[in-house]
Amino acid sequence: MKNRMIAAGFGLCLPMVAIPASAQTLNDVQGRGYVQCGVHTGLFGFAEIGDDGEWHGFDVDYCRAIASAIFNDADAVRFTPLNATERFTALQSGEIDVLIRITTWTMTRDASLGLIFAGVNYYDGQSFLVPTELELTDAAGLDGGTVCVQTGTTTELNLADYFNSRGLTFEAVAFAERAEAVSAFEAGRCDAFTADASNLYSTRMTMVDPDAYVVLDERISKEPLGPAVRQDDIQWFNIVKWVHFALLNAEEFGITQANVAEMAESTNPEIMRLLGRDGTFGEMVGLSNDWAYNVIANVGNYGEIFDRNIGAGSPLGIERGLNALWTDGGIHYAPPVR
Amino acid sequence: MAPRNFVRTEIIPAQPPPAGTLGPLAWLRAHLFSTPANAAITILAVLFLAWTIPPLIRWAFVDAVWTGENREACVGAGACWAFVRAKFDLFMYGQYPPAQHWRVNVVGLLFVAGLVPMAIPAIPGKRWTVLYLLVVFPVAAFILLRGGMFGLTDVPTTRWGGLLVTLVVAVTGIVIAFPLGVLLALARRSRLPLIRVLATGLIEIWRGVPLVTVLFMASVMLPIFLPSGVTIDKLLRAIIGIGVFYSAYMAEVIRGGLQSIPRGQYEGAMALGLSGLQRTWLVVLPQALTISIPGIVNTIIALFKDTSLVLIIALYDLLGMIQSATNDSNWAVAQVPASGYAFAAVIYWALCFSMSRYSLFIERRRAAGRPR
């Protein structure tokens, strides 16, 4: 009797032990009926609460794309706003299913935090905001000048590395708060203000005279931002990764939110495979075969998401630059659906 | 001939006081220019006001923008009240679905319906009001706000925000902190060493940690300790953190009141044959709490304002919601943050100031029979 109980105990324990190895995030999400998505607490263009009280933004639309792939419903998402310190804990503890919060993909994070990056949805990099009247074309033109910077960030290190490695001189004016650095720059205390480029565009918008400033094209650091998931669930990782690739592929093939129904009739084999007219690619990752069709129909392709939230169609007006497709001079290059 | 003494036959009418002691000029001289130092301070203060007030008025009213759809309207130098108007619902309800706003309004009305009879001494039936406020109202408020039963749509706490969250955190925090504080204060004065040591330990631990740390523990550390998949609502974590944290402060304030009760009161109560519980409940606590009113209200106001700290754990209370709303690219323009913060300041001030006025009223009323 006792032995049998022990055996039963082991039997009960086995599935519990097995959970981490085959964590079924997709099952959990489908059972729950919505995706839990960790986003920024409020960042121009990337995650913002609009006048209608709903979340909008580049990262937010990625959450909606994932929800569309699973439920064909862009609103089947619960957004969990997270700040920088709690974002990884929230992912590790299962409070969220996917973290899409302008998070830079670095080796430390990949290797030691129990998470895995499912691609790069925005190539960011440190740059400079300078007065238009200086007519600078690159950061080297700031030789001998002063630069306002927020202290205690990698931004400050990148700045020193850049100038020192080129034998240029500069004077850094460091501020504890970003807002202080910006107002000092605006008051003419420095020749330039440095931060990540996506940040500089929104900073420029909040200045009293935005037209008097320009963001330099040069990038002095690499900041690849992307969605992250827990590393114990390859199926879920594949879903997030392939939603990203589907958005890129759709733009490459010219499939938009408006013409997706029409494109579904296309005889181009690549488009047929992507939109689920050919093969069973959706089923391979546990979704329906029209997963990508639903994504495009609900949120549009990568280019549309970009334009609507941070690009030409938004107040921020960020240029595609590195974030253009490889066919347009950028570095976004998605593997084929095959 | 009789001496001709001067005797008035009628009373002379009252004369006005000397010209120098009456009227606005005299008031000015007495209050503002009584000494050279006072005169200098007055002049400096007037200059300071003249230097700061007109630009403020110009910013807040003259140059202000009252209507507009987006950032284009607010590129000027005045406050952007159009932003506050566009986001007003967001500041009040957060992301609570607009079709369900009536539920929040009903909860607000229910709260006022309990608070008014509670706050006005002339209205009878306090016992029932307390029962309503402590039992009926919380249950009704929870069902209405959270939904998911009785045909009400489910509204997860992640969609609550703005003034709603500020008030929920503050009211629940006070409801936790006050009774817990009274218990801790009594326990700390207990004759039983175990209870005394436990209470002292709790109070000192919670007082020795900054509130920000408590909130961070609740939001970052707690999920790590919990088994995978088990999550406790973030709002609930914050409320419990704030409530317990402030109960320690409350306990010390009330302990101050308890210590000021003379020994004779206890002895008198004993002589009347009251039990220990009756002594505390009928004789000691009413006096101690009356004495502690300024300290208690001070703690409550501090608690109310500290609810804004929940924004660091990404809960959108009033301040967090305003801060987040300033990150809307449709409203990305220089005047928006200042306008939002000014709005927050006005609301916080109005609420805290009314609390402080009410506490003064209660203090005067309670002290009426005991002139000092």
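Worth saying up front: this structure is predicted, and the values here are computed from it rather than measured.

On to the overall build of chain A, then. When its secondary structure is counted, chain A shows 14 helices and 14 strands. For chain A, the C-alpha atoms occupy an extent of roughly 80 × 60 × 40 Å along the three principal directions. Counting over 338 residues, chain A shows a buried share of 53%. When contacts within chain A are restricted to residue pairs at least 6 apart in sequence, long-range pairs at least 24 apart make up 69% of them. Per element, the accessible surface of chain A, about 14,500 Å² overall, is 53% carbon and sulfur. Taken together, the 21 basic and 45 acidic charged side chains of chain A have centroids lying 10 Å from each other.

A few words now on the overall build of chain B. If you tally the helices and strands in chain B, you get 14 helices and 0 strands. Mapped from its N terminus to its C terminus, chain B presents α and β elements in the order α-α-α-α-α-α-α-α-α-α-α-α-α-α. Over its C-alpha atoms chain B spans a radius of gyration of 28 Å, topping by over 25% the 21 Å that the globule rule assigns to 372 residues. Expressed as lengths along the three principal axes of its C-alpha atoms, the size of chain B is roughly 120 × 75 × 40 Å. Taken across its 372 residues, chain B has 37% of its residues classed as buried. Intrachain contacts of chain B at a sequence separation of at least 6 include 67% that bridge at least 24 residues. Roughly 21,200 Å² of accessible area belongs to chain B as shown, and the carbon and sulfur atoms make up 71% of that amount. Both charge centroids of chain B, one from 29 positive and one from 14 negative side chains, sit 13 Å from each other.

Grouped together as the largest cluster of nonpolar side chains are 148 residues, with contacts concentrated most on Trp236, Leu247 and Ile255 of chain A together with Phe91 of chain B. Per-element tally for this core: the top contributor is helix H9 (residues 234-252) of chain A, with 10 residues. With 17 residues, the next largest nonpolar core counts Ala248, Ile261, Val284 and Ile300 of chain B among its residues.

What follows covers the interface of chain B and chain A. At the interface, 34 residues of chain B touch 30 residues of chain A. The tally of links from chain B across to chain A stands at 4 salt bridges. Of the charged contacts in the structure, one is a salt bridge between aspartate 154 of chain B and arginine 78 of chain A, with a shortest N-O distance of 3.5 Å. Scanning the region where chain B abuts chain A turns up 13 residue pairs in polar contact (both at pLDDT 80 or more). Of all the elements in the fold, those that place two or more residues in the side of chain B that touches chain A are helix H9 (211-225), helix H10 (234-259) and helix H13 (318-325) of chain B.

The next thing to look at is the packing of H10 of chain B against helix H12 (residues 276-306) of chain B. All names here are of chain B. Where H10 contacts H12, the two axes come as close as 8 Å, and the packing angle between them is 145°. As for how H10 packs across H12, the hand of that crossing is right-handed. Taken together, the residues of the contact of H10 with H12 break down into 16 nonpolar, 4 polar and 1 charged.

On to the packing of H13 of chain B against helix H14 (residues 336-366) of chain B. Residues and elements named next belong to chain B. Where H13 contacts H14, the axes come no closer than 9 Å and their chain directions differ by 170°. The orientation of H13 relative to H14 falls into the category roughly antiparallel. Of the residues in H14, those touching H13 at Leu318, Leu319, Ile322 and Gln323 are Gly340, Tyr341, Phe343, Ala344, Ile347 and Tyr348.

A separate point is the domain arrangement of chain B. In many analyses, interface size is given as the accessible surface area lost on bringing the parts together. Residues and elements named next belong to chain B. Each domain of chain B was delimited in the assignment, giving domain 1 (37-89 + 331-367) and domain 2 (90-330). In this structure, domain 1 and domain 2 have C-alpha centres spaced 29 Å apart. With 28 residues of domain 1 at the contact, the number on the domain 2 side is 31 residues. Taken together, both faces of the contact between domain 1 and domain 2 bury some 2,500 Å²; the carbon and sulfur share is 72%. When residues of domain 1 are sorted by the area they lose upon contact with domain 2, Lys87, Asp89 and Tyr348 head the list and together hold 26% of the total. Between the two partners, domain 1 and domain 2, sit 1 salt bridge. The salt bridge involving lysine 87 is made with aspartate 328; its shortest N-O contact spans 2.7 Å. In this structure, the connection of domain 1 to domain 2 is made through 17 residue pairs in polar contact (both at pLDDT 80 or more). Listed by contribution, the elements that provide at least two residues to the side of domain 1 that touches domain 2 are helix H3 (81-86), helix H4 (88-93) and H14. Across the side of domain 1 that touches domain 2, the residue classes tally to 18 nonpolar, 4 polar and 6 charged.

What the rule picks out here adds up to 3 disulfides over all chains. The disulfide partner of cysteine 37 of chain A is cysteine 63 of chain A, and the gap between their sulfur atoms is 1.9 Å. Linking cysteine 37 of chain A and cysteine 63 of chain A, the disulfide has an S-S dihedral of approximately -55° and is accordingly described as left-handed. With cysteine 37 of chain A in strand S1 (residues 35-40) and cysteine 63 of chain A in helix H3 (residues 58-71), this pair connects stretches of sequence that are 26 residues apart. Comparing cysteine 37 of chain A with cysteine 63 of chain A shows no difference in burial state: the two are buried. Each sulfur of the disulfide joining cysteine 74 of chain B and cysteine 80 of chain B lies 1.9 Å from the other.

Conventions we followed
Residues numbered from 1 in each chain as written. Chains lettered and ligands numbered in written order. Predicted model: local features only at pLDDT ≥ 70, side-chain atom pairs only at ≥ 80, totals over all residues. Heavy atoms only, no water. Helix = DSSP H or I, 4+ residues; strand = E, 2+ residues; numbered from the N terminus. Buried < 20%, exposed > 50% of the residue type's maximum accessible area, 1.4 Å probe, protein only. Contact = heavy atoms within 4.5 Å. Areas by Shrake-Rupley, 256 points an atom, 1.4 Å probe, with all protein chains shown as cover. Lys, Arg positive; Asp, Glu negative; His and termini not counted. Charge placed at Lys NZ, Arg CZ, Asp CG, Glu CD. Rg over C-alpha atoms; globule rule 2.2 N^0.38 Å. Core = buried A, V, L, I, M, F, W, Y, C linked by side-chain atoms within 4.5 Å. Salt bridge = Lys/Arg side-chain N within 4 Å of Asp/Glu carboxyl O. Polar contact = N/O pair within 3.5 Å; in protein donor to acceptor, adjacent residues only side chain to side chain. Axes fitted to C-alpha atoms, helices over the stretch in contact; angles between N-to-C directions. Left-handed = near helix turned anticlockwise from the far one by under 90°. Nonpolar A, V, L, I, M, F, W, Y, C, P; charged D, E, K, R; others polar. Parallel < 35°, antiparallel > 145°, perpendicular 65-115°, else oblique. Domains from an automatic or database assignment. Buried area = accessible area lost by both parts, 1.4 Å probe. Disulfide = S-S within 2.5 Å.

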